[in-house]
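Architecture at a glance
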Amino acid sequence: MEIKFLGNWASHIQAGKRNVSIIIDGHILLDCGPHTIESMLESGINPAQVDEILISHMHLDHYGGLAEILWYRAAREAKDEVIILGPKGIMQNTEQLLKIYNTPDHYMFSMKSNYVEINNNGEIYEVKTKFTDKVKNDYIEAFTGNHSIPDNMYRLEYHGNTIAYTGDTAYNDNIAQVGEKADIFFHEMTFTDEDAEIAKLSKHSTYSSALRGFSESHAKKLVPVHLTDKTVSTLKAKSSENIILPFTDMNL
């Protein structure tokens, strides 16, 4: 299993960085911020082969590139369906965006998309979806995060490995469950501890809260994402063999 980091940065984007987006084996995409499609093409990945897109929440830096992927697939007449998972409203909002962008009618007609809307209402909600050409036991679980807008945290069982992803969230009781004994735990880490008050207001994670969630989950490896210069500096100063920075590809 190959994991590529198409982006690893927070919303305060800067030159040479791209918003967080992670792709697994070239076809399972975790979040899709602006310019994700450019990162894919630069990495030799065919966007038309993506068949699972998991959107944590509909902020620009996690969602702004989805329409680009759909346009690309339609222009190249992608034959396989893409499944898009996201919070309630993902289908309506995406279709509205496509209309705002004056998407050609023949593109709209040829878009083979199946939306799975997840409305947790404060409860843990599980959705199982069959992966094309994969073993039957592979599945996705969605958990409620704690962000300024509805946020889904995802847990994937895939090819014998467990991968967890928080999206953007402040610490919450579901984090230990989404990451429980995962092989890889992608956890948002936007703020350092000195900016804990800002993190609290915007419902983001800090260095310490991300480590707390990782510790309570008993996951094997923590990969901090949604980074800033300050969090990267903190991570480099406090290096650990259980923490992997998202700057190079991974293989499991």
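Residues numbered from 1 in each chain as written. Predicted model: local features only at pLDDT ≥ 70, side-chain atom pairs only at ≥ 80, totals over all residues. Heavy atoms only, no water.

Some points on the pattern of salt bridges
Oppositely charged side chains are able to pair whenever their charged atoms sit close together. We apply this condition: We define a salt bridge as a contact between a side-chain nitrogen of Lys or Arg and a carboxyl oxygen of Asp or Glu at a distance within 4 Å. Under the scheme used here, helices are H or I runs from DSSP no shorter than 4 residues and strands are E runs no shorter than 2 residues, and both carry numbers assigned from the N terminus. Burial status follows relative accessibility: with a 1.4 Å probe on protein chains alone, a residue under 20% of its type maximum counts as buried, one over 50% as exposed, and anything between as partly exposed.
In total, this model carries 10 salt bridges according to the counting rule given. Close ionic contact of Glu194 with Lys230 constitutes a salt bridge, the shortest N to O distance being 3.3 Å. Taken together, the positions of Glu194 in the loop between strand E11 (184-188) and helix H7 (196-202) and Lys230 in helix H9 (residues 229-237) put the pair 36 residues apart, joining distant regions of the chain. Overall, the relative accessible area of 64% leaves Glu194 in the exposed class. The class of Lys230 is partly exposed, set by a relative accessible area of 39%. If you follow the salt bridges from partner to partner, you end up with Glu2, Lys4 and Asp249 in one network.

Some thoughts on the nonpolar core
Test applied: Put simply, buried Ala, Val, Leu, Ile, Met, Phe, Trp, Tyr and Cys residues joined by side-chain atoms within 4.5 Å make one nonpolar core. Any two residues having at least one pair of non-hydrogen atoms within 4.5 Å are treated as being in contact.
Within the largest apolar cluster, 26 residues are counted, with the highest numbers of intra-cluster contacts made by Ile23, Leu29, Met40, Ile53, Ile55, Leu70 and Ile84. Those elements giving two or more residues to this core turn out to be helix H1 (36-42), helix H3 (66-75), strand E5 (82-87) and helix H4 (90-100). Top element by residues in this core is H3. It accounts for six residues. Excluding anything up to four places from it in sequence, Leu29 contacts Leu6, Ser21, Ile22, Ile23, Thr36, Val50, Glu52, Ile53 and Leu54. Met1, Phe5, Val116 and Ile184 belong to the second-largest nonpolar core, a separate cluster that totals 25 residues.

Remarks on H9
Rules: Throughout, the arc means the angular range of directions from the helix axis out to the C-beta atoms.
For H9, the full list of buried residues reads Thr231, Val232, Thr234 and Leu235. Buried residues along H9 cover an arc of 160° about the axis, so they all sit on one side. Opposite the buried face of H9, at more than 90 degrees from it, the exposed residues are Lys236 and Ala237.

Things to note about the environment of Ala74
Mapped onto the elements of the fold, Ala74 is located in helix H3. Considering only alpha carbons, one finds Ala74 and Lys112, 38 residues apart in sequence, at a separation of 8.3 Å.

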